[in-house]
Amino acid sequence: MSISEYNGAAIIAMSGKDCVAIGSDLRLGIQNQTLATDFKKVFKIHSRLYLGLAGLATDALTLNQRFQFKHNMYKLREERNMKPATFAHMVSKTLYEKRFGPYFVEPVIAGIEEDGTPYITGMDSLGAME
C-alpha cells in the first residue's frame, strides 16, 4: 500500500459556464478503520478560490496552513487576492521544493478568474500540473 493511500480521499472539481464546483468525501480513516466522518479536505482560500487536498491527512493540514500563510502574505504585499493560476503555480513551486522528501498530497484547485472564466487544475505530489 502506498503512503498516499494510507488515509484515502476522493476530491472532484468541475466547471460550467462561469462557475466551478469542488467536492470531497469527509471520511478520515487509517486503511479500513474509520476515525472521523467530518474531516475537511476542501479549503477556502478566498471567495473565488478553493483548494482540495487528497492524501496523507497530516500533510494536507500542514500544507493548508502554509498556503493560507503565503496567500495572506501576498495579499498584504500586493493589496489584492491571488488569481487562481498564480495560486496554482505557487502550490506547484511549493510542492516541487520538497521533491526529495515530498508531501504526500495531490492538490486540486478550483477558482474563478477576474474575467469570470473558470479555472481548474490538479497536481501530483511533486507539483506537476495537469
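Each remark here, short or long, concerns the structure printed above.
Residues numbered from 1 in each chain as written. Predicted model: local features only at pLDDT ≥ 70, side-chain atom pairs only at ≥ 80, totals over all residues. Heavy atoms only, no water.

(A) Quick peek at the nonpolar core. Counting 20 residues, the largest nonpolar core has Phe-87, Val-91 and Ile-109 as its most contacted members. If you list the elements that add at least two residues to this core, you get strand S5 (42–46), strand S6 (49–55), helix H1 (57–78), helix H2 (84–97) and strand S7 (105–112). For this core, the leading source of residues is H2, giving five residues. (Core = buried A, V, L, I, M, F, W, Y, C linked by side-chain atoms within 4.5 Å. Buried < 20%, exposed > 50% of the residue type's maximum accessible area, 1.4 Å probe, protein only. Helix = DSSP H or I, 4+ residues; strand = E, 2+ residues; numbered from the N terminus.)

(B) Quick look at the pairing of strand S8 (residues 118–122). Here S7 pairs with S8 via five bridges, running antiparallel. Its bridge partner lying in S8, Ile-112 is registered against Pro-118. Joining the antiparallel neighbours S7 and S8 is a turn of five residues, in which Gly-116 adopts a positive phi near 95°. (Pairing = 2+ DSSP bridges.)

(C) How the structure looks around the environment of Arg-27. Among the structural elements, Arg-27 can be located in the loop between strand S2 (19–24) and strand S3 (28–30). Sequence separation of Arg-27 and Thr-37 is 10 residues, and the distance between their C-alpha atoms is 4.5 Å. Here the side chain of Arg-27 touches Gln-33 through a polar contact of 3.4 Å, landing on its backbone oxygen. At a separation of 3.1 Å, a polar atom in the side chain of Arg-27 contacts the side chain of Thr-34. (Polar contact = N/O pair within 3.5 Å; in protein donor to acceptor, adjacent residues only side chain to side chain.)

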